[in-house]
Amino acid sequence: HHARPELRLAVAAVAGVLALLAPVAATSAAAGAACSFCGKNLIKNPGADAGKGQNAPGEVGNVPGWTSTGGQFGAAAWTGFGVGWFSASSKGPANRGKNYFFGGTTPAATSAKASIGQQTIKLPAAAAGHTATLSGWLGNYGSNTASVRAEFADASGRVLAAIRIGPDSTIGSSDMALRSRHGVVPHGAVAAMVVITFTDHANYNLAGADSLSLVLG
């Protein structure tokens with residue numbers, strides 16, 4: 001039997017739509033396949049878990065992959081201090097690991113206005129124009145505050161653009177909160193400097209941060 005005219009028209013219409021969609025799907029698949037770095041965290045040791053976190057006042061926690069550029073930037077153990085500061089019962093990332101980034105309790109920390117840690121990341125060659133998302137769990141303590149920024153720099157080290165999360169006064173003591181912000185990688189950027197800053201307005205620098213992420217999309 002011959003197909004009815006209306007059925008032949010419907011089949012032809014569907015075939016036409018599929019033909020139009022095929023190049024779009026192929027282009028999208030090619031774009032997704034081409035971006036090998038999209039969706040991956042570019043930060044190394046993003047939760048300060050690679051080293052030994054301090055367990056008592058006066059100790060210094062080791063943070064492999066990061067450079068301390070001010071105060072006594074380090075790491076503290078989630079279960080090390082017991083009462084006070086951040087602990088296993090504090091609000092924080094679900095997969096928080098054993099440590100978090102910490103401002104410090106040594107004389108170097110207490111005598112400085114801030115404890116600062118930095119990591120420099122070489123950007124993928126095709127990163128320019130991609131959306132960059134900086135996120136992390138930030139914890140203030142008393143008058144101490146936490147902030148993180150990602151600075152995109154050119155080959156000469158000149159900062160072209162930056163994204164920052166914190167300091168956020170709405171984050172309460174002994175708990176951390178997740179903060180996130182988006183930006184675009186500027187043309188000419190070859191590196192991203194991730195800088196963690198814990199301010200110290202009192203005695204010990206008790207601010208903290210954990211589970212940092214810089215992802216391109």
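Residues numbered from 1 in each chain as written. Predicted model: local features only at pLDDT ≥ 70, side-chain atom pairs only at ≥ 80, totals over all residues. Heavy atoms only, no water.

Some words on the sheet that holds strand 10 (residues 205–216)
Working step 1: Reading across the sheet, the 5 strands line up as 2-3-10-5-8 and stay open at both edges, with antiparallel pairing between neighbours. Strands with a single pairing partner mark the edges of an open sheet, and in this sheet they are strand 2 (74–77) and strand 8 (177–184). Taken pair by pair, the neighbouring strands of this sheet meet at an average axis angle of 40°, ignoring direction.
Working step 2: As paired elements, strand 5 (residues 131–139) and strand 8 share 8 bridges and run antiparallel to each other. What sits directly across from G136, in strand 8, is R179. (Pairing = 2+ DSSP bridges. Helix = DSSP H or I, 4+ residues; strand = E, 2+ residues; numbered from the N terminus. Axes fitted to C-alpha atoms, helices over the stretch in contact; angles between N-to-C directions.)

Considering the pairing of strand 6 (residues 146–153)
Across a regular strand the side chains alternate sides, sitting on one face of the sheet and then on the other.
Working step 1: Counting buried residues along strand 6, 7 of its 8 residues qualify, which places the element largely inside the surrounding structure.
Working step 2: Bridging between strand 6 and strand 9 (residues 191–199) involves 8 bridges; their strand directions are antiparallel. Bridge assignment links V148 to a residue of strand 9, and that residue is I196.
Working step 3: Summarising the sheet, strand 6 and strand 7 (residues 159–165) pair through 6 bridges and their orientation is antiparallel. Bridged to V148 within strand 7 is I165.
Working step 4: If you look at the hairpin formed by strand 6 and strand 7, you'll find 5 residues sitting between the two strands, and G157 has a positive phi there, around 90°. (Buried < 20%, exposed > 50% of the residue type's maximum accessible area, 1.4 Å probe, protein only.)

What to know about the state of the cysteines
Working step 1: In total, this model carries 1 disulfide according to the counting rule given.
Working step 2: Here C35 pairs with C38 through a disulfide, and the sulfurs are 1.6 Å apart. The S-S bond linking C35 to C38 shows a torsion near 80°; that makes this disulfide right-handed.
Working step 3: Here C38 falls in the partly exposed class, since its relative accessible area comes to 26%. (Disulfide = S-S within 2.5 Å.)

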